[in-house]
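Residue-level listing of the chains:
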Amino acid sequence: MADVKAPSKKIITSENVYLYYGKKEALHGISMDFNRNEITALIGPSGCGKSTYLRCLNRMNDLIPGVTINGSIRLDKEDIYAPKVDVVKLRKRVGMVFQQPNPFPFSVYDNVAYGLRLAGIKNKQVLDQRVETSLKQAAVWDEVKDNLYKSALEFSGGQQQRICVARVLAVEPDVVLLDEPTSALDPISSAQIEETLLAIKDKYTVIIVTHNMQQASRFSDKTAFLLNGNLVEFAKTSKMFMHPDKQETSDYLNGKFG
Amino acid sequence: MRELFVDEMKKLHGRFAEMGINVSEQIYRSTTALTDHDEALAKEVTSGDNGTNSEEMELEKQALKLIALQQPVANDFRDIITILKASSDLERIGDHAVTIARETVRVKNGKQISPIEKKISLMSENIRTMLSSVLDAYSKNDDKAARQVAKKDIEIDRLYVEIRDDITKALAKHPEDAQSGSSYLIIIKMLERIGDHIVNLAEWIVYNVTGKIVELNPGKADPELLNNIFSDNLNVVK
């Protein structure tokens, strides 16, 4: 028993992450670790670097010209910026949901099966099963099951966003990154997304950027507060919202700036 | 998210109900210890109060966490404020039961005056009936029932004045019973205070249901009532 090593609690570790847009330093050395099966919320005023940092975690910033990143980000101890890393594989393990629901202009089924087909899965039964499971996990199955072959674009914004969550979950990533996934949604749809995330955290690690502090407080395990490219405070959500260590954190949470 | 809040509130209500039952038992034990001359039982009350205090602290912690993290508004907000305020009243009732138990031990060392203890026992029974009715109203969110319970506090006030006069008279005849007499005075004052806390509980139920902050203490709402009780009894003493 003793020699069987449980996987480390930490899934992502980041150390001294600096990011430059050209010469401008946007992140000033961020060190943060993320535990498996936890929901971490990144909060902070616009331009504080939370989305930029989030996008470092699956190398989305690679696509932006002039960006340089220093420091280390490790997924299960492996440096994700190492030259040998296959970025497509990385993004399969670290999936992302964006602010605006962005389903592909084809059917719900094809949207969710997209990543699986890309990975070479052709077996109809396997696809059917994974599509159904993913849509169920994303809590949108009941609403789309009778219209799986209808275009995903014909559904409401909240449903589209949950279809996008299902699309990410279909490839069974380890980590799901969400960049303000509910800011374009009404409160009911937002609540449904929040419930979805809560329900999937047994299987996934969730990191979410949100402008909505109530959202962070309601369902995240940990909260990180970023300001001007610095990590000001990172702690359990209950601690952050009840007695944060820094005055700046309290001021931001109370809407005194930002 | 809503479910999470509802679950947490259910847990809080469960804790509160349990705390209510425990506090009611504490009153029973403390006054039974008096009438049965049972010092061991009285001491149990003192140790039992630690349980009530930690229950209240746990409940407060949970409630504060819910307020900070879930930001309840409207009915949910009233629900959680009610439980927070009501638990303080329950906790205080528990403290009074401890004071009664301590005085009971003191009476045990002095001489016991049976007719007075009988009346105290009656007062305690009334109090416990009121407490169980108010807890029942709480669990059913029944503001009408809560108002009914609050009205009964005037009877507790009346008993308080009556027993106090009995004690004064008894002591006038037998000054050597002063030790017991002074303890009885404290005990009935504690019971009377418990009545006030029960009225507070009723007020919080009304707040929870209607959103209105009300004064239900019959003596405070209508001072005339109290004056009548006091003057009646002054006449009796004469």
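Residues numbered from 1 in each chain as written. Chains lettered and ligands numbered in written order. Predicted model: local features only at pLDDT ≥ 70, side-chain atom pairs only at ≥ 80, totals over all residues. Heavy atoms only, no water.

Q: Summarise the overall build of chain A; cite the residues concerned and give the values.
A: Scanning chain A for helices and strands turns up ten helices and ten strands. Here the C-alpha radius of gyration of chain A, 18 Å, is about what a compact globule of 258 residues would show, namely 18 Å. When each of the 258 residues of chain A is scored for burial, the buried share is 50%. Across chain A, the fraction of contacts at a sequence separation of at least 24, relative to all contacts at a separation of at least 6, is 67%. If you sum the accessible surface of chain A, you get close to 12300 Å²; carbon and sulfur atoms cover 51% of it. Between the centroid of the 33 positive side chains of chain A and the centroid of its 30 negative side chains there is a distance of 4 Å. (Helix = DSSP H or I, 4+ residues; strand = E, 2+ residues; numbered from the N terminus. Rg over C-alpha atoms; globule rule 2.2 N^0.38 Å. Buried < 20%, exposed > 50% of the residue type's maximum accessible area, 1.4 Å probe, protein only. Contact = heavy atoms within 4.5 Å. Areas by Shrake-Rupley, 256 points an atom, 1.4 Å probe, with all protein chains shown as cover. Lys, Arg positive; Asp, Glu negative; His and termini not counted. Charge placed at Lys NZ, Arg CZ, Asp CG, Glu CD.)

Q: How would you explain the pattern of salt bridges if you had to name every residue and give the values?
A: Going through the model one piece at a time under the given rule, you end up with 31 salt bridges over all chains. Of the charged contacts, one joins A:Lys10 and A:Asp33 as a salt bridge, the two residues approaching to 3.3 Å between their closest N and O atoms. One end of the pair, A:Lys10, is in strand β1 (residues 10-21); the other, A:Asp33, is in strand β2 (residues 24-35), with 23 residues separating them in the sequence. Looking at A:Lys10, the relative accessible area reads 40%, which means it is partly exposed. The exposure class of A:Asp33 is partly exposed, given its relative accessible area of 27%. A salt bridge links B:Glu192 to B:Lys189; its shortest N-O distance comes to 3.0 Å. Within this pair, B:Glu192 and its partner B:Lys189 are both found in helix α7 (residues 178-210), separated by three residues, close to a single helical turn. (Salt bridge = Lys/Arg side-chain N within 4 Å of Asp/Glu carboxyl O.)

Q: Let's hear about the packing of aromatic side chains: which residues, and what values?
A: Two numbers describe a pair of aromatic rings. These are the distance of the centres and the angle of the planes. In total, this model carries ten aromatic pairs over all chains according to the counting rule given. Plain terms: the ring middles of A:Phe225 and A:Tyr252 are 4.9 Å apart, the flat faces sit at 15° to each other, and that makes the pair stacked. A residue pair is termed long-range when its members are at least 10 positions apart, and A:Phe225 in strand β9 (residues 222-227) and A:Tyr252 in helix α10 (residues 247-253) qualify at 27 residues. The pair A:Phe225 / A:Tyr252 is uniform in exposure class, with both members buried. On the basis of an interplanar angle of 85° and a centroid distance of 5.5 Å, the ring pair of B:Trp204 and B:Tyr207 is categorised as edge-to-face. (Phe/Tyr/Trp six-rings, centres within 6.5 Å; stacked < 30°, edge-to-face > 60°.)

Q: So, the pairing of strand β8 (residues 205-209) of chain A: which residues are in play, and what are the values?
A: When a strand is regular, its side chains alternate between the sheet's two faces. Residues and elements named next belong to chain A. Within β8, five of the five residues are buried, leaving the element largely enclosed by the surrounding structure. Every second residue of β8 is oriented toward a common face, with Thr205, Ile207 and Val209 on one face and Val206 and Ile208 on the other, all of them buried. Across five bridges, the pairing between strand β7 (residues 175-179) and β8 is parallel. Looking across to β8, one finds that valine 175 is bridged to threonine 205. As for the winding sense of the linkage, the β-α-β connection from β7 through helix α7 (residues 187-200) to β8 is right-handed. (Pairing = 2+ DSSP bridges. Right-handed = clockwise from strand over helix to strand, strands pointing away.)

Q: How would you explain unusual backbone geometry if you had to name every residue and give the values?
A: Most peptide bonds take the trans configuration, and most residues that are not glycine carry a negative phi. Residue and element names in this part refer to chain A. A positive phi angle, near 45°, is found at asparagine 16, a position not held by glycine. With respect to the helices and strands, asparagine 16 occurs in strand β1. Overall, the relative accessible area of 41% leaves asparagine 16 in the partly exposed class.

Q: Could you give an account of the sheet that holds strand β6 (residues 94-97) of chain A, naming the residues involved and the relevant values?
A: Sheet strands pair via backbone hydrogen bonds, and the direction of the pair is either parallel or antiparallel. Residues and elements named next belong to chain A. The sheet built from six strands is open, its strands ordered β6-β7-β8-β3-β9-β10 with mixed pairing. Edge positions in the open sheet fall to β6 and β10 (230-236), since each of these has one partner strand only. Each strand axis lies, on average, 15° off the axis of its neighbour in the sheet, ignoring direction. Of the pairings in the sheet, the one linking β9 to β10 comprises six bridges and is antiparallel in character. Note on β10: the bridge partner recorded for lysine 222 is lysine 236. Set on the sheet, helix α6 (residues 157-170) makes contact with β6 and β7; between it and β6 the angle comes to about 170°. (Axes fitted to C-alpha atoms, helices over the stretch in contact; angles between N-to-C directions.)

Q: How would you sum up the sheet that holds strand β5 (residues 78-79) of chain A? Please name residues and give values.
A: Residue and element names in this part refer to chain A. On the basis of which strands lie adjacent, the open sheet formed by four strands has the order β2-β1-β4-β5 and antiparallel pairing. Two strands lie at the open edges of the sheet, namely β2 and β5, each paired on one side alone. Looking at chain direction, β1 and β2 are connected through nine bridges and run antiparallel. Across the sheet, residue isoleucine 12 finds its bridge partner in β2, namely phenylalanine 34.

Q: Please provide a residue-by-residue account of the interface of chain B and chain A, values included.
A: With ten residues of chain B in contact, the opposing surface of chain A contributes twelve residues. The contact between chain B and chain A buries some 890 Å² in all, and 65% of this surface belongs to carbon and sulfur atoms. Between chain B and chain A we count zero salt bridges in total. Scanning the region where chain B abuts chain A turns up four residue pairs in polar contact (both at pLDDT 80 or more). Taken together, the residues that form the side of chain B that touches chain A break down as five nonpolar, two polar and three charged. (Buried area = accessible area lost by both parts, 1.4 Å probe. Polar contact = N/O pair within 3.5 Å; in protein donor to acceptor, adjacent residues only side chain to side chain. Nonpolar A, V, L, I, M, F, W, Y, C, P; charged D, E, K, R; others polar.)

Q: Tell me what's going on with α6(A), and back it up with residues and numbers.
A: For an α-helix, the turn length of 3.6 residues means that residues three or four places apart are oriented alike. Residue and element names in this part refer to chain A. For α6, with 14 residues, the first-to-last C-alpha span of 20 Å sits near the 20 Å given by 1.5 Å per residue. Along α6, 13 of the 14 residues are buried, which leaves the element largely enclosed by surrounding structure. Where α6 ends, the next residue or the one after it, glutamate 172, has phi of about 50°, a positive value. (Expected span 1.5 Å × (residues − 1).)

Q: Could you give an account of helix α2 (residues 39-70) of chain B, with specific residues and numbers?
A: Relative to the 46 Å expected for 32 residues at 1.5 Å per residue, α2(B) spans 47 Å between its end C-alpha atoms, a close match to the ideal helical length. Where α2(B) bends most, at B:Ser47, the angle is about 25°. Of the surrounding secondary structure, the elements contacted by the buried residues of α2(B) are α8 (213-219) and α9 (237-242) of chain A together with α1 (2-35) and α3 (74-109) of chain B. Positive phi shows up at B:Gln71, right after α2(B), with a value of about 40°. (Bend = angle between axes of the 7 residues up to and from the residue.)

Q: A description of the side chain of A:Arg167 should follow, citing residues and the corresponding values.
A: Residue and element names in this part refer to chain A. Mapped onto the elements of the fold, arginine 167 is located in helix α6. It is aspartate 110 that comes nearest to the buried, bridge-free arginine 167 among opposite-charge side chains, at 12 Å. Not counting residues up to four positions away in its chain, the partners in contact with arginine 167 are Asn102, Pro103, Phe104, Asn111 and Val112.

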